[in-house]
Amino acid sequence: MAVQISPSILSADFARLAEEATAVAPAADWLHVDVMDYHFVPNLTLGLPVVESLLKHASTPIDCHLMIDDPDRWAPGYAEAGAGSVTVHAEAAKAPVRTLRAIRAAGARAGLAVNPGTAVEPYEDLLPEIDMMLLMTVEPGFGGQKFLDMVLPKLRRAREMVARHGGQIWLQVDGGVGVETIERCADAGADVFVAGSAVYGADDPAEAVRALRAQAERATAHAAWNASSA
Ligand code: DX5
Ligand code: ZN
């Protein structure tokens, strides 16, 4: 499984978003954009108009993480605008099958996110509808929070679930992922790593992405879940 790194612009300078996107472009696989609505989470960030502007300036595909109420109404618009991946929260979606299908129909990868206290097993039947599952490793809403180790057993179970299903679905972790924690995530089964403060808090964001990737690749190579590891 290939390791992918998705720097979160939540920790970037919002007044210089295009430059901040460019800063990680040589090293990143995705640009993670946290959409927060002050209802699903107690924070407010940005919405579709800003994503549309970013799409014009960013050379890296955009990974939209929607922390909003009523994603059934709003998510397809982000896919139609050109986001490469659109993730909705299981706790917020009322018609996930319809919404995930609409995301895919608009040409984006469909993601399903779960908060730290939400189990993954109830969503096993949705696996054919998704391209990525996002396991939050902090309570969503803010960057710079402490990584929650309690999510790691669930990540192992999610990896087993995905393996049973054929192994094509990506497993993303988001929250507190950095040099201290990324190896534990890779070992437990993650293959897509969101990092906000660990990237944009560094002097050289692109170099921070490369270092995180190298760490994750080393841990993945030795991980029991990774069949190609020897
Ligand atoms: C939190 C967001 C994350 C956030 C992660 O709700 O979904 O994407 O940017 O920030 P760090 O990596 O600083 O925990
Ligand atoms: Zn996020």
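About the thresholds
- Residues numbered from 1 in each chain as written.
- Chains lettered and ligands numbered in written order.
- Predicted model: local features only at pLDDT ≥ 70, side-chain atom pairs only at ≥ 80, totals over all residues.
- Heavy atoms only, no water.
- Pairing = 2+ DSSP bridges.
- Helix = DSSP H or I, 4+ residues; strand = E, 2+ residues; numbered from the N terminus.
- Axes fitted to C-alpha atoms, helices over the stretch in contact; angles between N-to-C directions.
- Contact = heavy atoms within 4.5 Å.
- Salt bridge = Lys/Arg side-chain N within 4 Å of Asp/Glu carboxyl O.
- Near = heavy atom within 4 Å.
- Polar contact = N/O pair within 3.5 Å; in protein donor to acceptor, adjacent residues only side chain to side chain.
- Areas by Shrake-Rupley, 256 points an atom, 1.4 Å probe, with all protein chains shown as cover.
- Nonpolar A, V, L, I, M, F, W, Y, C, P; charged D, E, K, R; others polar.
- Buried < 20%, exposed > 50% of the residue type's maximum accessible area, 1.4 Å probe, protein only.

Remarks on the sheet that holds strand S4 (residues 85–89)
(1) Moving on: The 8 strands lie next to each other as S1-S8-S7-S6-S5-S4-S3-S2, forming an open sheet whose pairing is parallel. Both outer strands of the open sheet, strand S1 (4–7) and strand S2 (31–36), are each paired with one neighbouring strand and no more. Between one strand and the next, the sheet's axes are offset by a mean angle of 25 degrees, whatever the strand orientation.
(2) Moving on: Bridge analysis of strand S5 (residues 109–114) against strand S6 (residues 132–136) gives 4 bridges, and the strand direction is parallel. Residue pairing in the sheet places alanine 113 in a bridge with leucine 134 of S6.
(3) Moving on: Its contacts with the sheet place helix H3 (residues 71–81) against S2, strand S3 (62–67) and S4, and it is angled at close to 170 degrees to S4.

Considerations on the pattern of salt bridges
(1) Moving on: As enumerated under the stated definition, the model contains 12 salt bridges in all.
(2) Moving on: A salt bridge links arginine 213 to aspartate 29; the nearest nitrogen and oxygen atoms lie 2.9 Å apart. Residue arginine 213 is located in helix H8 (residues 205–221), and its partner aspartate 29 is located in the loop between helix H1 (17–24) and S2; the two are separated by 184 residues in the primary sequence.
(3) Moving on: Residues aspartate 187 and arginine 156 are paired through a salt bridge, measuring 2.9 Å at the closest nitrogen-oxygen approach. Remark: arginine 156 occurs in helix H5 (residues 152–164) and aspartate 187 occurs in helix H6 (residues 182–188); sequence separation between them is 31 residues.
(4) Moving on: Taken together, the salt bridges that share partners define one network made up of Asp13, Arg16, Glu19 and Glu20.

Some points on the site of ligand 1
(1) Moving on: As a matter of local geometry, ligand 1 sits amid 20 residues, with Ser8, Asp34, Asp174, Gly176 and Ser197 nearest to it.
(2) Moving on: Serine 8 has a polar side-chain atom sitting 2.7 Å from an oxygen atom of ligand 1.
(3) Moving on: Between ligand 1 and glycine 176, the relevant distance is 2.8 Å, taken from an oxygen atom to a main-chain nitrogen or oxygen of the residue.
(4) Moving on: In the complex, 100% of the free accessible area of ligand 1, which totals 380 Å², lies under the protein chains.
(5) Moving on: When residues of the shell around ligand 1 are traced back to their parent elements, those giving at least two are S2, S3 and strand S8 (192–195).
(6) Moving on: It is S2 that provides the largest number of residues to the shell around ligand 1, a total of 3 residues.
(7) Moving on: In terms of residue class, the shell around ligand 1 is made up of 8 nonpolar, 10 polar and 2 charged.

Comments concerning unusual backbone geometry
Among all residues except glycine, the phi angle is most often negative; among peptide bonds, the trans geometry is most common.
(1) Moving on: One non-glycine residue, tyrosine 38, lies in the positive phi region at around 70 degrees.
(2) Moving on: Structurally, the position occupied by tyrosine 38 is in the loop between S2 and helix H2 (48–57).
(3) Moving on: Owing to a relative accessible area of 56%, tyrosine 38 belongs among the exposed residues under this scheme.
(4) Moving on: At aspartate 70, a residue that is not glycine, the phi angle is positive and equals roughly 55 degrees.
(5) Moving on: Relative to the elements of secondary structure, aspartate 70 occurs in the loop between S3 and H3.
(6) Moving on: Given the relative accessible area of 33%, aspartate 70 is considered partly exposed.

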